[in-house]
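# Observations on the model geometry
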Amino acid sequence: VDWSQRAWEFGLQPPGFYDVAGSDQFFRLHSDESAVSDRSAHLQSARNTFAGRTPKKITDSKAIVPSISYIVPFRDFERTNSIRTVINNIRAQRFPHIEIIMVEQDNSTKINVASHEPVNYILAGDNQPLFNKSKAFNKGVAAASTDRIIMHDADMVSPGNYTSYVFNTLNNHDACHLGSTVIYTNHDTMVGINSSGLIDNKSTCARVVGYYEGGSIACKIKTFWAVGAFNEDYHGYGCEDCDFYARLSGGSDWIEDRIFDFLHLWHS
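As a starting point, this report considers the structure included with it. (Residues numbered from 1 in each chain as written. Predicted model: local features only at pLDDT ≥ 70, side-chain atom pairs only at ≥ 80, totals over all residues. Heavy atoms only, no water.)

## A short note on the overall build of the chain
Helices and strands together make up the secondary structure of the chain, namely eight helices and 11 strands. Taken over C-alpha atoms, the radius of gyration comes to 23 Å for the chain, far larger than the 18 Å a tight globule of 268 residues would show. Overall, the C-alpha framework of the chain stretches about 70 × 40 × 35 Å when taken along its three principal axes. Split into buried and exposed, the 268 residues of the chain put 44% on the buried side. For the chain, restricting intrachain contacts to residue pairs at least 6 apart in sequence, the fraction spanning at least 24 positions comes to 73%. Within the structure as shown, the chain displays about 14800 Å² of accessible surface, and the carbon and sulfur contribution to it stands at 52%. Between the centroid of the 24 positive side chains of the chain and the centroid of its 31 negative side chains there is a distance of 5 Å. (Helix = DSSP H or I, 4+ residues; strand = E, 2+ residues; numbered from the N terminus. Rg over C-alpha atoms; globule rule 2.2 N^0.38 Å. Buried < 20%, exposed > 50% of the residue type's maximum accessible area, 1.4 Å probe, protein only. Contact = heavy atoms within 4.5 Å. Areas by Shrake-Rupley, 256 points an atom, 1.4 Å probe, with all protein chains shown as cover. Lys, Arg positive; Asp, Glu negative; His and termini not counted. Charge placed at Lys NZ, Arg CZ, Asp CG, Glu CD.)

## Some remarks on the sheet that holds strand S2 (residues 97-104)
Strand order in this open sheet of seven strands is S3-S2-S1-S4-S9-S6-S10, and the pairing throughout is mixed. Lying at the two open borders of the sheet, with one neighbouring strand each, are strand S3 (120-123) and strand S10 (254-255). Summarising the sheet, strand S1 (residues 67-74) and strand S4 (residues 148-152) pair through three bridges and their orientation is parallel. Note that in S4 the partner of Ser69 across the bridge is Ile149. Seen against the sheet, helix H4 (residues 133-143) touches S1, S2, S3 and S4 and runs at an angle of roughly 155° to S1. Across the sheet, helix H8 (residues 239-250) is in contact with S4, strand S6 (175-176), strand S9 (216-220) and S10; its angle to S9 comes to roughly 40°. (Pairing = 2+ DSSP bridges. Axes fitted to C-alpha atoms, helices over the stretch in contact; angles between N-to-C directions.)

## Details of helix H6 (residues 187-196)
Listing the buried residues of H6 in full gives Thr189, Met190, Ile193 and Asn194. All buried residues of H6 lie within an arc of 130° about the axis, which places them on one face of the element. Along H6, exposed side chains directed more than 90 degrees from the buried face belong to Asp188 and Ser195. Packed against the buried residues of H6 are helix H3 (80-91), strand S7 (179-185) and strand S11 (260-264). (Arc of directions from axis to C-beta.)

Shown next, in the form of structure tokens:
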């Protein structure tokens, strides 16, 4: 009720108390009477006001919800639970709207897509025995509906404010790499995180890597294509990240502000 009152006191909407009709019949927050006299009458008046209102679409830039796309490439080498943990971590980021694009680079779908929804799932198939992360990234970026992307590995867990920081950084730059260190969990910790969904001070890590070119890297979509996207001639792991990193950092308005630690989920 207090929030509703402040909304019109600050001029954001006409006077009235906006609530779900009849909600007071279903739940009660406390045993005290409402601080607003004649609350039911106010609610009925608000319903009457809205009944005759003509909806208007607000096109002002202030009404735009900030959005960004995550591209997550993978091939499921018995890592289903870790992939789900990473997707849940992205979904839990403190940011208004995140489009999640999962790109499975394999000859057929190996994961249970329904268990990861809501996501945009893409199969970037071929019959090559080695993983081609470049092909997965290119397919995912081509399907993105926003103007900014985070290219994020399927075994990296990030802090909750990472996405908003990336978005704000891309307001002033074309591309960025904000990852400081990668902390690798051991096998038992990975199993515990995947089963509980929690990361706490009981987590045990095997090693720390202080510098890397990939992992999680972000840019505007127009910049991604301008520097030539990912080179699909690479098969296997690692070199495609180094190649793209060199072109992105050298061919754009780039910032390398390495301040975020990532947790890397163990895999064989």
